[in-house]
Amino acid sequence: MRRRFGRRTRQAAPSDGGRRIVIVGSPNVGKSLIFTRLTGAYAVVSNYPGTTVEVFRGWAHVGGERYEVIDTPGMYSLLPVSEEELVARRILLSDRPDAVLHVADAKNLERMLLLTLQLIEARLPVILVLNIIDEAERLGMAIDVPRLERELRAPVCATDATTGRGVDALRGRIEEYVSRARMGRH
Amino acid sequence: MYHVPGWDAIEASLDRIESLLARPYGMSGRAVALLLLQGDDEIAGIVGAAEPEALEKIRPIVAEAQARYDDPLPYIIAVRRQEEASRITRAVLSRGAAPRVGFAERLSRIMMNPLTGIPLVLLILYLGLYKFVGGFGAGVLVDLVEDAVFVRRVNPWTAALAERLLPWESARALIAGDYGIVTLGVRYAVAIILPIVATFFIAFAVIEDSGYLPRLAMLIDRLFKAIGLTGRAVIPMVLGLGCDTMATLVTRTLPTVRERLISTILLALAIPCSAQLGVILSLLDGHPLGLWVWVGVMGGVFILVGALSSRVLPGEAPSFYMEIPPLRLPRPANVLIKTYSRVRWYFLEIFPVFILASVVIWAGQMTGLFDRGVALLRHPVRWIGLPDDAAVAFLFGFFRRDYGAAGLFDIKRAGLLTGRQIVVACTTLALFLPCVAQFLITVRERGLRTAVALSAFVFVFSFSVGFLLNKVLVFWAVPL
Amino acid sequence: MKISERAEEILETLWVRSEEKAEQVGLGVARGNPEVEELVKAGLATVRGDRIALTERGRAEGEKVTRRHRLAERFLSDLLHVKERLVHPVGCRFEHLLVEGIEDNICALLGHPRTCPHGRPIPEGECCRRFREGAGKGVMALAAMEAGQGGRVAYIQTRDRSRLQKIMAMGVLPGMPITLIQTFPSYVFQVGQSQFAVDERLAEGIIVRTAAR
């Protein structure tokens, strides 16, 4: 059973040493849809905060590699105030991810950057995903993505998970990012 | 690598802390150092367990860094980070016209304004719970499945098949007797519980996906503060109206242990689940005043017990904050998949309990233990003014409360209960011990001691309330 | 009359020791110091034998200087987040720039604080008294604002760590634009593009610099 209520967090860390992508972000920014787009599995979009603490796992193929993809409960900050955030942080900090996708609400950039900066401070391999970019554009916002990448020194992708826009580019960035990190390690 | 400019002193402390950490923690030393500097208890615990001597050296570094600032370090760090976020945002974001207040936003304000929001809550409860779950699920669907499938087909077939294949009377009783696995266990699970729970989960998923729950939480926060909870607890409470077992699991999302415990108590005692609600509503059908008495007593108990536990249990009053997401139209596919996965979870969790209950009752009857239990329960049942037959229903109530309530239904049909007795029985049973599944989850979430103490309290409390209610109704000669 | 910065420093020290600590102040090595002479000439202090004492006017003037110094420290530490070790020396120079009038603006901006970062009381100014009487403008707690009113977060005021963390988790941090939408039964506000509901205690901790209406 893929979806189980109240899955124990201790079970959250898998034992194998495979490649891993962890998806983080505050509630209600379309994390689960990004998860679905990457894994192809239909995950239930648990929209709103406070219903259940759930952890979804799936598999994605990116650039010929198989990745385990973990969708975490919503988190606002690395300093947890709720059980959801505690669970999310444990996964993030104990699973040694090859890439951390911070899914953010593009129209709320300033507030979202607080978590991005924390992830970068913790030296996690962050890719910032500016999701729901369509809504931001409808509100008349324009984000200079190359400039944002230079400021953060981390890859940034603009996506719209409901239509799938930008998801292929995201795959490309993940592949590029992980292989560069691997080169650096050897 | 990026670092927030102007961190000098904090940066230096971080470097010192990082250099003291010798063990690997599955995350970068930098991340550990940052969390230690911000006073994170969980990380301090982990480091303290792995290398206590390092933690001893780190503590004064943190204290020294803190002494440089008047405000707590997490605040100082967050403010610096915010400045950086603002700077980056200004550099990369260009804005067009300000958005106007749209329809969704206007509707949202209507939901949050108490003058319009409270009538709306009542309307949603009436339509969603009473009409859709009570009327359609517990009424139309249950009748359909029970009559068309079980009474007409499954039960006669099973009886005939058992007759032909099983030569022993006791084995036949296990499968097809009054409390048999098929005739009772499967029938209750499939014909009564499933339609009610499925309709409830549909209604809940629609409400959940629309983004209504945080608005309800915001409306009810002040009221819930009186019972030691915050508005956030409204989510497990509403879910409890569907399934208390699932709701007990969900109490985990509440921020403090105290809130989780109070919610667990209230779920065990004063929140009837949808299966139970369905049976109780049909029991009270034709007794409108009785229904109001029942609602009043349950509401009173909810507030009284909540207020008492919040006084008795140690801990600070919690603070409430919650994001109010934009309202959205629920997507049918999402609602269906959510409902499906919840019903499946429910069924897998509950179905074995039903089968087990049938087996235990059967074994009890074979060995005579069941009769002894019924005989024991007859005393408290008499105290609250019910006929002896009701003791059987209460014994069933140990397995599932709605099981007991359904047992009462049979007695009512036989014309053995007066209006007063129905109201007293419904109230006592609704307050009575939660089902076995909920008990097991309570053990898992809150520990065995808490679960046992809670059950003992609920047992005594429910009969006491039943006793008092009966006395009051008799004394005032309330015409029910 | 205007006195020199050094003389102001001495005036402040004198005021703290004689008024706050109720000490008798001896002249010691300061005897013959030109700044002491300046204070005496300005009619702010008197010297009798080895003792130096403030005059009536000196007490009033000393209180103002102390107030400016401690406000300057508050300002440096609360709004500029200057490190504590630097708060005092920088504050000493900064206070002299706070001429009367500006000092009250800063006091209002800081929400009329009662103590300096070292925990010593800040003498009350006219603006503090007006603020207490409800005429305060500039910064106010979210809990005191009216629905529809907006501004930018000035700072967060709470000693409770978990409450502070909750407020920060919502992205409510100095500089963020914030608008109060509703006040009852809970406080609902918009910060950036997100809305949050909080109870009164959290709303009291969020101090907003309100926009002019």
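Residues numbered from 1 in each chain as written. Chains lettered and ligands numbered in written order. Predicted model: local features only at pLDDT ≥ 70, side-chain atom pairs only at ≥ 80, totals over all residues.

Quick question: what am I supposed to make of the overall build of chain C here?
When you go through chain C residue by residue, the secondary structure sums to eight helices and nine strands. Principal-axis analysis of the C-alpha atoms gives chain C an extent of 65 × 30 × 25 Å. Counting the 213 residues in chain C, one finds 42% classified as buried. Taking all contacts inside chain C whose residues are at least 6 apart in sequence as the whole, residues at least 24 apart take part in 61%. (Helix = DSSP H or I, 4+ residues; strand = E, 2+ residues; numbered from the N terminus. Buried ≥ 20, exposed ≤ 12 C-beta atoms within 10 Å, placed from the backbone. Contact = placed C-beta atoms within 7 Å.)

Could you clarify how one ought to interpret the overall build of chain B in this entry?
Secondary structure summary: chain B contains 22 helices and two strands in total. Principal-axis analysis of the C-alpha atoms gives chain B an extent of 85 × 55 × 50 Å. Residue burial in chain B is summarised as follows: out of 480 residues, 48% are buried. If you take every contact in chain B between residues at least 6 apart in sequence, the share linking residues at least 24 apart comes to 73%.

Help me understand the interface of chain A and chain C, please; the structure alone is not making it clear to me.
For an interface, size is often stated in terms of accessible area lost upon the parts coming together. Every contact between the two is made by nine residues of chain A and, on the other side, eleven residues of chain C. Grouping the constituent residues of the side of chain A that touches chain C by class yields four nonpolar, two polar and three charged. (Nonpolar A, V, L, I, M, F, W, Y, C, P; charged D, E, K, R; others polar.)

Sorry, what's going on with the confidence of the model for chain C here?
Detailed reading of the predicted model is not advised wherever pLDDT is low. All names here are of chain C. Per-chain confidence: chain C averages 82 in pLDDT, with 92% of residues scoring 70 or above. No element of chain C has a lower mean pLDDT than helix H6 (residues 126-135), which averages 63, and none a higher one than strand E7 (residues 187-191), which averages 95. In the model output, the complex is listed with pTM 0.78 alongside ipTM 0.86. (pLDDT = per-residue confidence, 0-100.)

Would you take a moment to explain the pairing of strand E5 (residues 126-131) of chain A for this structure?
It is a general feature of regular strands that their side chains alternate between the two faces of the sheet. Residues and elements named next belong to chain A. E5 sits mainly inside the fold: six of its six residues count as buried. Burial of E5 is two-sided: the residues Val 126, Leu 128 and Leu 130 facing one way and the residues Ile 127, Val 129 and Asn 131 facing the other way are all buried. Note: strand E4 (residues 99-105) against E5, six bridges, orientation parallel. Paired with Val 100 across the bridge in E5 is Val 126. For the crossover from E4 across helix H3 (residues 109-121) to E5, the handedness is right-handed. Inspection of the sheet shows E5 paired to strand E7 (residues 156-158) by three bridges, in the parallel sense. Counterpart to Leu 128 in the pairing with E7 is Val 156. (Pairing = 2+ DSSP bridges. Right-handed = clockwise from strand over helix to strand, strands pointing away.)

Help me out: how do you make sense of the sheet that holds strand E2 (residues 56-62) of chain A in this one?
Residues and elements named next belong to chain A. One open sheet accounts for six strands, arranged E2-E3-E1-E4-E5-E7; its pairing is mixed. Every other strand in the sheet has two partners, leaving E2 and E7 as the edge strands with one partner each. Strand-to-strand twist across the sheet, computed as the mean angle between neighbouring axes with direction ignored, equals 25°. The strands touched by helix H2 (residues 83-94) within the sheet are strand E1 (19-24), strand E3 (65-71) and E4, with E1 carrying the most contacts at an inclination of about 150°. (Axes fitted to C-alpha atoms, helices over the stretch in contact; angles between N-to-C directions.)

So what exactly am I meant to see when it comes to the environment of Val 452 of chain B here?
Mapped onto the elements of the fold, Val 452 of chain B is located in helix H22 (residues 448-475). In sequence terms Val 452 of chain B and Gly 211 of chain B are 241 residues apart; their C-alpha atoms lie 36 Å from each other.

What is the right way to look at the sheet that holds strand E9 (residues 206-210) of chain C in this model?
Strand pairing in a sheet relies on backbone hydrogen bonds, with the paired strands running either antiparallel or parallel. With respect to topology, seven strands assemble into an open sheet ordered E2(B)-E8(C)-E7(C)-E6(C)-E5(C)-E9(C)-E4(C), the strand pairing being antiparallel. Every other strand in the sheet has two partners, leaving strand E2 (321-324) of chain B together with strand E4 (139-141) of chain C as the edge strands with one partner each. Each strand of the sheet is rotated relative to its neighbour by a mean of 40°, with strand direction disregarded.

What is the right way to read the domain arrangement of chain C from this model?
Residue and element names in this part refer to chain C. If you check the domain split of chain C, you get domain 1 (1-136) and domain 2 (139-210). The gap between the C-alpha centroids of domain 1 and domain 2 is 33 Å. With five residues of domain 1 in contact, the opposing surface of domain 2 contributes four residues. Looking at the side of domain 1 that touches domain 2 residue by residue, the class counts come to two nonpolar, two polar and one charged. (Domains from an automatic or database assignment.)

Explanation requested: the packing of helix H1 (residues 5-20) of chain C against helix H2 (residues 34-41) of chain C in the structure shown.
In helix packing, the relevant descriptors are the interaxial angle and the interaxial distance, both defined with respect to the helix axes. Residue and element names in this part refer to chain C. Two elements in contact, H1 and H2, have axes separated by 9 Å at closest approach and are oriented at 75°. Here H1 lies roughly perpendicular to H2, going by the angle between them. Touching Arg 6, Ala 7, Ile 10 and Leu 11 of H1 are Glu 35, Val 36, Glu 38 and Leu 39, all from H2. For the contact of H1 with H2, the class distribution of residues is five nonpolar, no polar and three charged. (Parallel < 35°, antiparallel > 145°, perpendicular 65-115°, else oblique.)

Hey, could you run me through the environment of Arg 258 of chain B in this one?
Residues and elements named next belong to chain B. Inspection of the secondary structure puts Arg 258 in helix H13 (residues 257-269). In this structure the C-alpha to C-alpha distance between Arg 258 and Gln 276, which are 18 residues apart in sequence, comes to 27 Å. If we skip the residues at most four places from it in the chain, Arg 258 touches Gly 228, Leu 313 and Gly 315.

It is not clear to me how the nonpolar core should be interpreted in this structure. Could you clarify?
The nonpolar side chains of a soluble globular protein tend to be buried with one another. In terms of nonpolar packing, the biggest core is built from 243 residues, with Ile 23 and Val 129 of chain A, Val 197 and Cys 426 of chain B together with Val 172 of chain C touching the most fellow members. Not counting residues up to four positions away in its chain, the partners in contact with Cys 426 of chain B are Ile 280, Leu 283, Leu 284 and Trp 294 of chain B. Formed by 13 residues, the second largest nonpolar core is a distinct cluster that contains Ala 72, Leu 76, Val 82 and Cys 127 of chain C. (Core = buried A, V, L, I, M, F, W, Y, C linked by C-beta atoms within 7 Å.)

Where do I start with the pairing of E4 of chain A in this structure?
All names here are of chain A. With seven of seven residues buried, E4 lies mostly within the body of the structure. Residues Ala 99, Leu 101, Val 103 and Asp 105 of E4 are buried on one face, and the alternating residues Val 100, His 102 and Ala 104, pointing to the opposite face, are buried as well. The sheet contact formed by E1 and E4 spans four bridges and is parallel. Within E4, the residue paired with Val 22 across the bridge is Val 100.

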